[in-house]
Amino acid sequence: MMNNAKKIAQALKTVLKNTLLLSLLTLTAIFVPLIGSFILVMIPLPIVLLFAKVGRTGGAITVTLAFLITHGISRTIAVSPLSFLPFIFFVSLGIVLSELFEKNLSIEKTTFLCSLFGFSALFLFILFYSYQTNTPPLEVVKGYIAATIKKSVDLYSRMDILPEQISQIKENTEEIITFLTYTSPALALISITLTVWLNIVSAREILIMNNLPSPSFGDLTKWKAPDWYVWFFIASGTCIILPTTTLKWVGINGLMICLMVYLIQGVAIIAYFFKTKNVPRILRYVFYMFLVFQQYLLIPVILLGLFDLWVNFRKHISSPDLQ
């Protein structure tokens, strides 16, 4: 009886602590835009950890309480209800991810199913908004992109950015909007997939460190795309050179998705190198941070993943004793 009381007390303490944490993260994401995007992207991580600790019931109670608290505070300060849509979206990703972790699927299936859920939810929202406003879905996307670019230009104008660069963006605004509109399916899927992948890798490592149940994905540093996937890459490239405009955009979207997959494979190769050479964790994290903030580094990492199909880089990396 005493043990049950202690377990209940511990569960309530965990729920309360995580409710406050989730509320704080949500309010920070809403009111501090500079770091809000990064916080939102990592929202699924604490959700997965929470559900692993207290189960579905405790997790659902925590999420509900956090939403009520943040919604109440935001309504007091007259924040638009639309501000909560990103929170709801990323929390939903976390819940789906925790359920997929329970099923102990492969890393490919877990990432694919969670990303598919996120992409479908976003697609359905656009369709619903399109219906509500009587606006074609493509115009909804185009309007959002145009508004985002306008905000970015206004922000750059207040920062220490060369006027020539700002003028160049303004002069090419229509071309930028067109390109981003027609590649929005790939951009959305890439953003969601990378978010899911990042949260999967982070959650799995933390679960293992805390002796909590985690999926047996195996050694992720050895992950590689199936060999047949290169044909998808070749087909996408072929579509780009065809004279039909529709196929050209299909090819560009397909090629962007291919490059994302090879980016993940390239990161796995680098992680394998770090592991075999016992590179200190702090240096690994520094490199990954550079990868996030210095986008030009993505190109060699993508090429590393792509050419691994023929070179098999990991075979040439000595691995006398993997820990």
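The structure under discussion appears in the preceding block.
Residues numbered from 1 in each chain as written. Predicted model: local features only at pLDDT ≥ 70, side-chain atom pairs only at ≥ 80, totals over all residues. Heavy atoms only, no water.

**A short note on the pattern of salt bridges**
Between side chains of opposite charge, a pair can form as their charged atoms come close. Tallied over the full model, the rule gives five salt bridges. The closest approach of N and O atoms between Asp219 and Lys275, which form a salt bridge, is 3.2 Å. With a gap of 56 residues between them, Asp219 in the loop between helix 9 (184-209) and helix 10 (229-241) and Lys275 in helix 11 (residues 245-276) connect regions that are remote in the sequence. Since its relative accessible area comes to 28%, Asp219 is described here as partly exposed. Between Arg314 and Asp308 there is a salt bridge, with the nearest N and O atoms lying 3.1 Å from each other. (Salt bridge = Lys/Arg side-chain N within 4 Å of Asp/Glu carboxyl O. Helix = DSSP H or I, 4+ residues; strand = E, 2+ residues; numbered from the N terminus. Buried < 20%, exposed > 50% of the residue type's maximum accessible area, 1.4 Å probe, protein only.)

**Points about the environment of Ser106**
With respect to the helices and strands, Ser106 occurs in the loop between helix 4 (85-103) and helix 5 (107-133). For Ser106, a relative accessible area of 30% gives the class partly exposed. A distance of 3.2 Å separates the side chain of Ser106 from the backbone nitrogen of Lys109, its partner in a polar contact. (Polar contact = N/O pair within 3.5 Å; in protein donor to acceptor, adjacent residues only side chain to side chain.)

**Regarding unusual backbone geometry**
Notably, Asn134 is not glycine yet its phi reads approximately 55°, a positive angle. With respect to the helices, strands and loops of the structure, Asn134 is situated in the loop between helix 5 and helix 6 (137-158). A positive phi angle, close to 55°, is found at Asn312, a residue other than glycine. Mapped onto the elements of the fold, Asn312 is located in the segment after helix 13 (298-311).

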